[in-house]
Amino acid sequence: TSGGIGARVGQVVLSARAIHPRTLKPVDEIYRMGKTHQFPADFDASLREKILASRGDVEVVVGDTLSTNCFYEEEPNIFGALDAGYGKVEQREWVEQLKQLGIKNTEMEATALAGFSGRAGIAAADICAVLDRMGERVTATAEEMALYSDRAQTVVIRYIRSRLSDLIPLIPSP
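Position labels on residues start from 1 in each chain and follow its written sequence. Owing to the predicted nature of the model, reporting of local features is limited to residues with pLDDT of at least 70; listing and counting of side-chain atom pairs is limited to 80 or more, with chain, interface and lining totals taken over all residues. Side-chain metrics rest on all non-hydrogen atoms present in the structure, leaving aside hydrogens and water.

Q: Just give me the short version of the overall build of the protein, but keep the residues and values in it.
A: Each helix is a run of H or I in the DSSP string that is no shorter than four residues. Each strand is a run of E no shorter than two, and both are numbered from the N terminus. Broken down by element type, the protein carries 4 helices and 7 strands. Listed N to C, the secondary structure of the protein is β-β-β-β-α-β-α-β-α-β-α in terms of helices and strands. Dimensions of the protein, computed from C-alpha atoms along their principal axes, come out at roughly 70 × 45 × 25 Å. For the protein, with 174 residues in total, the buried portion stands at 38%. Restricting to contacts in the protein with at least 6 residues of sequence separation, those with at least 24 account for 75%. Per-residue accessibility, obtained with a 1.4 Å probe over protein chains only, is compared with the maximum for each type, and a residue is labelled buried under 20%, exposed over 50%, and partly exposed between these values. Here, two residues are considered to be in contact whenever any of their heavy atoms come within 4.5 Å of each other.

Pasting the structure below:
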């Protein structure tokens, strides 16, 4: 699940890149022995195209995902438990800047997933359901949120089924 920035509540976002919240660049930033190391945080384009091709009737938007290390503190959200240190005007300006950069949503761990899988040579994708809009309180019911989450899961299941049908030859009926 994720918070919407350039995507609407209920949409499914398929990430092209994971954007670091400090640099606003598609990098995974890790720390080793007191030193900062940056690695590309791009998701596999070929896998993304296969997922899109198998999504069926589920609306999917492709774009970048702002990845954070924690809920509320690095997201452009003013509804956390602690004072965000900025107000609604600054928050709206920041969200508009993120939209201009092509960012569709925010969630945790996307940079780590893209960076690690890229370094390991493993094709990876990030698929998120948008449950709320940054800067707005969640108004969806439990049933609506379950439906939104089900949409993202449906995309994944359809992709897996498409791959299985490619791998397992169809056995004709007797």
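Q: Just give me the short version of the pattern of salt bridges, but keep the residues and values in it.
A: Any carboxyl oxygen of Asp or Glu within 4 Å of a side-chain nitrogen of Lys or Arg constitutes a salt bridge here. Tallying each qualifying case throughout the model produces 6 salt bridges. A salt bridge links Arg17 to Asp64; its shortest N-O distance comes to 2.7 Å. Taken together, the residues span a long stretch of sequence, with Arg17 in strand β2 (residues 12-19) and Asp64 in strand β5 (residues 60-68) at a distance of 47 residues. Between Arg158 and Asp57 there is a salt bridge, and its shortest N-O distance comes to 2.9 Å. Highlighted residues: Arg158 in helix α4 (residues 142-167) and Asp57 in the loop between α1 (45-54) and β5, separated in sequence by 101 residues. Overall, Arg158 belongs to the partly exposed group, its relative accessible area being 28%.

Q: Give a detailed account of the packing of α1 against α4, specifying residues and quantitative values.
A: Relative to each other, α1 and α4 sit at 100 degrees, their axes nearing to 8 Å. Overall, the two elements α1 and α4 adopt an arrangement that is roughly perpendicular. Between α1 and α4, the contacting residues are Leu47, Lys50, Ile51 and Ser54 on the first element and Val155, Arg158, Tyr159 and Ser162 on the second. By residue class, the composition of the contact of α1 with α4 is 4 nonpolar, 2 polar and 2 charged. Note on geometry: axes are lines fitted to C-alpha atoms, helical ones only across the stretch in contact, with angles between N-to-C directions running from 0 to 180 degrees. Just so you know how the angles are binned, under 35 degrees is roughly parallel, over 145 roughly antiparallel, 65 to 115 roughly perpendicular, and the rest oblique. Put simply, Ala, Val, Leu, Ile, Met, Phe, Trp, Tyr, Cys and Pro go in the nonpolar bin, Asp, Glu, Lys and Arg in the charged bin, and everything else, Gly too, in the polar bin.

Q: Can you explain the sheet that holds β2? Please cite residues and give values.
A: On the basis of which strands lie adjacent, the closed barrel formed by 5 strands has the order β1-β6-β5-β2-β7 and mixed pairing. Within the sheet, the average angular offset between the axes of one strand and its neighbour, ignoring direction, is 50 degrees. Between any two strands, at least two bridges found by DSSP are needed for them to pair. Note that β5 and strand β6 (residues 103-108) share 5 bridges and pair parallel. Within β6, the position partnered with Ser67 by the bridge is Glu107. Those strands touched by α1 are β2, β5 and β7 (127-133), and its axis lies near 170 degrees from that of β2. Against the sheet, α4 makes contact with β2, β5 and β7, and its axis sits at roughly 160 degrees relative to β7, the strand it touches most.

Q: Got a sec to walk through the environment of Phe79? Specific residues and values, please.
A: For Phe79, the location among the structural elements is in the loop between β5 and α2 (88-100). Judged by relative accessible area, which is 26%, Phe79 ranks as partly exposed. Measuring from C-alpha to C-alpha, the distance between Phe79 and Val138 comes to 10.0 Å, with 59 residues separating the pair along the chain.

Q: Can you explain α1? Please cite residues and give values.
A: Listed as buried for α1 are Leu47, Arg48, Ile51, Leu52 and Ser54. At the N-terminal end of α1, a side-chain oxygen is found 3.3 Å from the backbone nitrogen of Ser46, two or three residues along, and the residue is Asp44. Looking one or two residues past α1, Gly56 carries a phi angle of roughly 70 degrees, positive in sign. For the purposes of these results, a polar contact is taken to be a pair of N or O atoms within 3.5 Å, where, inside protein, one atom must be able to donate a hydrogen and its partner to accept one; residues adjacent in sequence count only when each atom of the pair is a side-chain atom.

Q: Residues and numbers for the side chain of Ser54, please.
A: With respect to the helices, strands and loops of the structure, Ser54 is situated in helix α1. With relative accessibility at 14%, the residue Ser54 sits in the buried group. A polar contact is formed between the side chain of Ser54 and the backbone oxygen of Lys50, at a distance of 3.2 Å. Contacts of Ser54, omitting those with residues within four sequence positions, involve Arg158, Tyr159 and Ser162.

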